[in-house]
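Coordinate analysis (summary)
If you want the building blocks of each chain, they are given just below.
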Amino acid sequence: GDSVTQMEGPVTLSEEAFLTINCTYTATGYPSLFWYVQYPGEGLQLLLKATKADDKGSNKGFEATYRKETTSFHLEKGSVQVSDSAVYFCALSGGSARQLTFGSGTQLTVLP
Amino acid sequence: DTGVSQDPRHKITKRGQNVTFRCDPISEHNRLYWYRQTLGQGPEFLTYFQNEAQLEKSRLLSDRFSAERPKGSFSTLEIQRTEQGDSAMYLCASSLGRGTSGSYEQYFGPGTRLTVT
């Protein structure tokens, strides 16, 4: 079945540092790929998406590129802020129901 | 507010009791999903509705769980004879899906946190 493997956390960075959170997937067919973010005490929010190979999703300074050859969708940001502290989930959409399969999440803490 | 809403936000119940949660999706969305999230894990798919039809159920959805979406609007998730292992966050999401194309991005509600004592 479909699966998502995400870089284990927690990750602690200083403000303005470069962020990479690795995500690889296994899926049949051609899934859409997503990053969701969960801020403390809040629900899951869609951060960015990519629907086909070589697509780059971007939002709020975050980027991720759909790499079919390496089955990866790594999340990057050039300069993190304290307000980026949250849990980040990589997910794919597949199956007849297009349900989401999530990774286990990566806790990011950014220190001032 | 036109987002996904869920009620209640928190529920504490004793083992063996029945509980029911409600989800109101974004009004024009025809697809509705239920997920369960335990501490430190990503959400896991439970079930899916397209309009009023329940089209898919995960193996995680035991016989004690039932979900409905009458008239293709709001949905309810009921757990009968709750067990301590049912303690989790129950998330509802909705999306607008047409045919077999599109990204089917899903929008999540705030969740209902269930604690079974």
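Shown above is the structure to which this text applies.
Residues numbered from 1 in each chain as written. Chains lettered and ligands numbered in written order. Predicted model: local features only at pLDDT ≥ 70, side-chain atom pairs only at ≥ 80, totals over all residues. Heavy atoms only, no water.

The next thing to look at is the overall build of chain A. Counting secondary structure elements, chain A contains 0 helices and 12 strands. Taken over the C-alpha trace, chain A has a radius of gyration of 13 Å; the compact-globule value for 112 residues is 13 Å, and the two agree within 12%. Each principal axis of the C-alpha distribution contributes one length, and for chain A these read about 45 × 30 × 20 Å. Each of the 112 residues in chain A was classed as buried or not, and the buried ones make up 47%. Relative to all contacts within chain A whose residues are 6 or more apart in sequence, the contacts with residues 24 or more apart total 55%. Total accessible area on chain A is roughly 5,200 Å²; 47% of this is exposed by carbon and sulfur atoms. (Helix = DSSP H or I, 4+ residues; strand = E, 2+ residues; numbered from the N terminus. Rg over C-alpha atoms; globule rule 2.2 N^0.38 Å. Buried < 20%, exposed > 50% of the residue type's maximum accessible area, 1.4 Å probe, protein only. Contact = heavy atoms within 4.5 Å. Areas by Shrake-Rupley, 256 points an atom, 1.4 Å probe, with all protein chains shown as cover.)

Before going further, it helps to spend a moment on the state of the cysteines. Residues and elements named next belong to chain A. Following the criterion strictly, the structure yields 2 disulfides over all chains and no others. A disulfide bridge connects Cys23 with Cys90, and the sulfur atoms are separated by 1.9 Å. When the S-S torsion is -70°, as for the bridge of Cys23 with Cys90, the disulfide is left-handed. Taken together, the positions of Cys23 in strand β4 (residues 23–26) and Cys90 in strand β10 (residues 86–94) put the pair 67 residues apart, joining distant regions of the chain. (Disulfide = S-S within 2.5 Å.)

Contacts between the two partners involve 19 residues from chain A, matched on the other side by 21 residues from chain B. Between chain A and chain B, roughly 1,500 Å² of surface is buried when both sides are summed, and carbon and sulfur atoms account for 54% of that area. At the surface where chain A touches chain B, the tally comes to 1 salt bridge. Across the pair Glu105 of chain B and Lys49 of chain A runs a salt bridge, and its minimum N-O distance is 2.2 Å. Linking chain A with chain B are 6 residue pairs in polar contact (both at pLDDT 80 or more). Where the side of chain A that touches chain B is concerned, the elements lending two or more residues are β5 (32–38), β6 (44–50), β10 and β11 (99–102) of chain A. Ranked by residues supplied to the side of chain A that touches chain B, first place goes to β5 of chain A with 4 residues. Looking at the side of chain A that touches chain B, its residues break down into 8 nonpolar, 9 polar and 2 charged. (Buried area = accessible area lost by both parts, 1.4 Å probe. Salt bridge = Lys/Arg side-chain N within 4 Å of Asp/Glu carboxyl O. Polar contact = N/O pair within 3.5 Å; in protein donor to acceptor, adjacent residues only side chain to side chain. Nonpolar A, V, L, I, M, F, W, Y, C, P; charged D, E, K, R; others polar.)

Under the counting rule described, the total for this entry stands at 7 salt bridges over all chains. The salt bridge involving Asp84 of chain A is made with Lys77 of chain A; its shortest N-O contact spans 2.7 Å. There is no split in this pair, since Asp84 of chain A and Lys77 of chain A are both buried. With its nearest N and O atoms 3.4 Å apart, the salt bridge here joins Glu83 of chain B to Arg64 of chain B. Of the two residues, Glu83 of chain B sits in the loop between β8 (75–79) and β9 (88–95) while Arg64 of chain B sits in the loop between β6 (53–57) and β7 (65–68), which places them 19 residues apart along the sequence. Accessibility expressed as a relative area gives 40% for Glu83 of chain B, which makes it partly exposed.

Residue and element names in this part refer to chain B. Reading across the sheet, the 4 strands line up as β1-β3-β8-β7 and stay open at both edges, with antiparallel pairing between neighbours. Strand pairing shows two members of the sheet lacking a second neighbour, β1 (5–7) and β7, which therefore form its edges. With strand direction ignored, the average angle separating the axes of adjacent strands in the sheet is 15°. As judged from the 5 bridges shared by strand β3 (residues 19–24) and β8, these two strands associate in the antiparallel manner. Bridge assignment links Arg22 to a residue of β8, and that residue is Thr76. (Pairing = 2+ DSSP bridges. Axes fitted to C-alpha atoms, helices over the stretch in contact; angles between N-to-C directions.)

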